Amino acid sequence: MNDVTHRPASEARADLLDLSTALSQLREAVVADGRALIERWGGPFSGDAVPGTENLAHYLALRRRDLSDLQSRLSSYGLSSLGRSEAKVIEALDALSATLRRLTGETDAPYPTPTAMRAGEDALDAARDRIFGAVPRTPHAVVMVTLPSEAAGEPALIRRLMEAGMGCARINCAHDDAAAWEAMIANIRAAEAALGRNCRVLMDLAGPKCRIEQLRAPEKLRLYRGDRFSMVATLDPRSAGPVAIRPSFPEAIGQLALGAEVWINDGKIGARVVSAEAGAGAVELEVFSARSKGERLKVEKGLNFPTTDLRLPPLTPKDFRDLDVVAAKADLVGFSFVQETSDVDLLQDHLAARRGALPRQTIVLKIETPLAVRNLPQLIVRSALHHPTAVMIARGDLAVELGFARLSEMQEEILWLCEAAHVPVIWATQVLDQFIKEGAPSRAETTDAAMAQRAECVMLNKGPFLAEAVTFLRDVLARMDRHQSKKFARFTPLRAWD
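Here is a short report on the structure shown in this document. (Residues numbered from 1 in each chain as written. Predicted model: local features only at pLDDT ≥ 70, side-chain atom pairs only at ≥ 80, totals over all residues. Heavy atoms only, no water.)

### Some points on the overall build of the protein
Put simply, the test is: Where helices and strands are cited, they refer to DSSP runs of H or I of at least four residues and of E of at least two residues respectively, numbered from the N terminus. Both definitions apply: the radius of gyration is a C-alpha atom measure, and the globule rule equals 2.2 Å times residues to the power 0.38. In this scheme, a residue with accessible area under 20% of its type's maximum is buried, one over 50% is exposed, and one in between is partly exposed, where area comes from a 1.4 Å probe on protein chains only. Using a 1.4 Å probe, accessible areas were evaluated by the Shrake-Rupley method; residue-level cover was limited to the displayed protein chains.
From N to C terminus, the protein includes 16 helices and 19 strands. On C-alpha atoms alone, the protein measures out to a radius of gyration of 25 Å, which is about the 23 Å that the 2.2 N^0.38 rule sets for 498 residues. Burial analysis of the protein (498 residues in total) assigns 49% to the buried set. Of the roughly 23,300 Å² of accessible surface on the protein, a fraction of 51% belongs to carbon and sulfur atoms.

Listed below in structure tokens is the structure:
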């Protein structure tokens with residue numbers, strides 16, 4: 001057996017005293033900085049959202065500091081390194097402080113109660129149940145399904161999805177119409193009654209999603225790196241001329257400077273502005289990113305402008321029309337491309353005007369742009385003070401806007417931030433995408449689905465194998481529930497090596 005080197009007791013005690021002092025100073029700073037943040041957000045506040053708001057402020061105050069050295073020193077004594085403090089920042093600091101004080105001789109240093117230590121997790125679970133339905137559930141995360149157009153006329157499809165485990169149905173208001181949406185919801189309510197199961201309805205406002213509205217190009221044209229095309233404010237697709245697209249928001253063209261990036265179809269084509277004339281209503285773009293076999297331009301494909309702080313109205317005329325149905329029928333309202341607190345105020349005002357005395361609906365803040373990421377704490381606070389609130393990590397647009405490498409860490413940071421605010425998270429975009437389309441999952445997307453278990457809801461998009469994907473996803477999530485709760489690793493028995 002190898003010799004074990006122990007540090008002298010006097011040295012350890014001096015180090016523990018120093019750690020205790022450092023932790024006490026850290027707590028004081030976190031409380032002070034948290035108070036300042038709340039004041040900056042317009043507080044102090046009152047109401048049910050206060051505990052989550054305060055904890056969010058404390059978490060941001062804690063995470064603005066580099067704690068890596070402190071964590072290493074704490075872990076060398078087998079103590080908590082604060083790595084799972086998201087939902088209960090002050091309680092985690094107080095519990096650790098009590099342990100340090102007892103180790104240095106203060107034998108009656110008080111610990112927070114178990115109830116206090118669980119309060120943050122309990123608040124998040126209660127928010128999940130309030131938003132998605134308070135029913136016993138395995139797995140922990142709700143499965144949300146984006147309904148295809150066929151769901152309006154096929155009640156059996158809705159029933160099949162609910163039998164497979166759909167707990168929330170998403171209606172994308174960018175597609176179909178009010179009559180179709182109401183038919184879908186009627187089918188959901190009928191299936192609920194028949195099956196004795198709950199299924200909430202999310203209606204997703206289209207928002208200012210910029211798309212290719214018109215296209216002038218030879219049939220089956222493919223773009224390759226180095227190819228050029230134009231983006232114009234007015235276009236006759238039937239006329240002769242070079243390749244050109246017209247965006248659904250032509251006012252975006254005037255906001256593009258030389259060098260600005262434009263990404264098309266969830267990042268399949270990356271282009272850069274190489275020529276722009278002030279007031280001309282047109283820019284010339286050169287492709288710098290595309291597969292070697294080229295990419296096709298198609299009408300209705302999305303446009304992203306990650307290097308431009310694009311200013312578009314948060315709600316479009318279509319959204320205002322759709323809100324008449326959304327306010328009356330939806331359980332959850334998806335707010336696409338929300339970016340600033342004034343956007344939240346606008347939606348809340350319009351919902352209130354249409355809802356009257358009816359209970360306030362859940363607002364789902366869809367995080368899709370760098371500005372929304374920067375403003376996320378304020379967006380959560382503004383929304384949660386008046387409405388039940390959830391956050392959707394809309395990874396399609398967000399990946400293009402931030403860059404795919406940055407997305408991998410940002411989705412983690414959003415999970416942490418929302419846990420601190422006691423706000424449920426919806427993990428969205430391309431979950432089990434191959435399975436839904438082809439009937440068999442890839443290894444990579446199975447791992448992605450397992451990672452999604454840390455959210456409160458996981459969203460699937462539409463496709464021919466949707467019901468089978470719901471069943472598969474619930475199995476993956478339930479298996480991961482054995483091993484993981486947020487960042488907390490559960491040491492249940494390992495079965496493979498019994």
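### Description of the pairing of strand S3 (residues 200-204)
Selection criterion: A pair of strands is labelled paired if DSSP reports no fewer than 2 bridges between them. Throughout, right-handed denotes a crossover for which the path from the first strand over the helix to the second runs clockwise when the strands point away from the viewer.
Counting buried positions along S3 yields four of five residues, so the element is predominantly enclosed. In this sheet, S3 lies alongside strand S2 (residues 166-172) in parallel orientation, the contact comprising five bridges. For Ala169, the partnering residue across the bridge sits in S3 and is Val201. What joins S2 to S3 is helix H7 (residues 178-195), and the crossover it makes is right-handed. In the sheet, S3 pairs with strand S13 (residues 332-335) via three bridges, with the strands oriented parallel.

### Focus on the packing of aromatic side chains
Stated formally: Side-chain rings of Phe, Tyr and Trp, where Trp is taken by its six-membered ring, are said to pair if the distance between their centres is within 6.5 Å; with planes under 30 degrees apart they count as stacked, over 60 as edge-to-face, and otherwise as tilted. Geometrically, a lysine NZ or arginine CZ counts as sitting over a ring once it is within 6 Å of the ring centre and also within 35 degrees of the ring normal.
The full count for this structure, using the stated rule, is two aromatic pairs. Note on Trp263 and Phe288: the rings are 5.4 Å apart at their centroids and 85° apart in plane angle, and the pair reads as edge-to-face. Placement of the pair is Trp263 in strand S8 (residues 261-264) and Phe288 in strand S10 (residues 282-289), with a sequence separation of 25 residues. Here the aromatic rings of Phe435 and Phe472 are separated by 5.1 Å at their centres, their planes lie at 35°, and the arrangement is tilted. Highlighted residues: Phe435 in helix H14 (residues 433-438) and Phe472 in helix H16 (residues 466-481), separated in sequence by 37 residues. Sitting over the ring of Phe288, Arg272 keeps its end group 4.0 Å from the ring centre. Here the basic side chain of Lys487 rests over the ring of Trp416, its NZ or CZ set 4.6 Å away from the ring centre.

### Quick look at the pairing of strand S15 (residues 389-394)
Most of S15 is tucked away, with six of its six residues classed as buried. Burial along S15 is two-sided: the face carrying Thr389, Val391 and Ile393 and the face carrying Ala390, Met392 and Ala394 are both buried. With five bridges connecting them, strand S14 (residues 362-367) and S15 associate as parallel partners. Directly across from Lys366, in S15, lies its bridge partner Met392. Summarising the sheet, S15 and strand S16 (residues 425-428) pair through four bridges and their orientation is parallel. Paired with Val391 across the two strands is Val425, which belongs to S16.

### Some remarks on the side chain of Asn265
Heads up, the rule is: We call two residues in contact when some of their heavy atoms are within 4.5 Å.
Checked against the element boundaries, Asn265 lands in the loop between S8 and strand S9 (269-276). For Asn265, a relative accessible area of 16% puts it in the buried group. Setting aside anything within four residues of it in sequence, one finds Asn265 in contact with Lys301 and Gly302.

### Considerations on a negative patch on the surface
Cut-off, in case you're wondering: Think of a patch as exposed residues, more than 30% relative accessible area, with no salt bridge, where like charges cluster within 9 Å and nonpolar side chains (Val, Leu, Ile, Met, Phe, Trp, Tyr) cluster within 5 Å. Basic side-chain nitrogens of Lys or Arg form a salt bridge, by our definition, when they fall within 4 Å of a carboxyl oxygen of Asp or Glu. In this tally, Lys and Arg are treated as positive and Asp and Glu as negative; His is ignored, and so are the chain termini. The location of each charge is read from NZ of Lys, CZ of Arg, CG of Asp or CD of Glu.
On the surface, Glu150, Glu154, Asp176 and Asp177 cluster together into a negatively charged patch. Its place among the elements puts Asp177 in the loop between S2 and H7.

### Focus: the sheet that holds S9
One open sheet accounts for seven strands, arranged S4-S7-S6-S10-S9-S8-S12; its pairing is mixed. Where the open sheet ends on each side, the last strands, each with one partner, are strand S4 (212-216) and strand S12 (303-304). Strand direction decides the pairing type here: S9 and S10, joined by six bridges, are antiparallel. When the bridges of S10 are listed, Ser275 appears paired with Glu284.

### Points about the packing of helix H15 (residues 443-451) against H16
What counts, and what does not: Angles run from 0 to 180 degrees between N-to-C directions of axes, and those axes are lines fitted to C-alpha atoms, restricted for helices to the stretch in contact. Convention used here: angles under 35 degrees read as roughly parallel, angles over 145 as roughly antiparallel, angles from 65 to 115 as roughly perpendicular, and any remaining angle as oblique. The crossing is said to be left-handed when, going from far helix to near helix, the turn is anticlockwise and less than a right angle, and right-handed when the turn is clockwise.
Interhelical geometry of H15 versus H16 gives an angle of 55° and a closest axis separation of 8 Å. If you check the angle between H15 and H16, you find them oblique. For the crossing formed where H15 meets H16, the hand is right-handed. Between H15, through Thr446, Ala449 and Ala450, and H16, the contact on the second element is made entirely by Phe472, Leu473, Val476, Leu477 and Met480.

### Structural notes on unusual backbone geometry
Residues Gly43 and Pro44 are joined by a peptide bond in cis, for which omega reads 10°. Looking at the secondary structure, you find Pro44 in the loop between helix H1 (9-40) and helix H2 (50-63). One non-glycine residue, Lys220, adopts positive backbone phi at about 60°. Residue Lys220 is classed as exposed on the basis of its relative accessible area, which comes to 60%. Even without being glycine, Glu300 reaches a positive phi, approximately 80°. Here Glu300 lies in the loop between strand S11 (295-296) and S12.

### Some details on the sheet that holds strand S17 (residues 457-460)
If you trace the eight strands once around the closed barrel, you get S1-S2-S3-S13-S14-S15-S16-S17, paired in parallel fashion. Direction aside, neighbouring strands of the sheet carry axes that sit 25° apart on average. Relative to S3, helix H5 (residues 114-132) is tilted by about 85°, and along the sheet it contacts strand S1 (142-146), S2, S3, S13, S14, S15, S16 and S17. Of the strands in this sheet, S14 and S15 touch helix H11 (residues 376-384), which is tilted by about 170° from S14.

### Considerations on the environment of Gln378
Tracing the backbone through its elements, the reader meets Gln378 in helix H11. Sequence-wise, Gln378 and Thr341 are 37 residues apart; in three dimensions their C-alpha atoms are separated by 6.7 Å. The residues contacting Gln378, other than those within four sequence positions of it, are Trp41 and Thr341.

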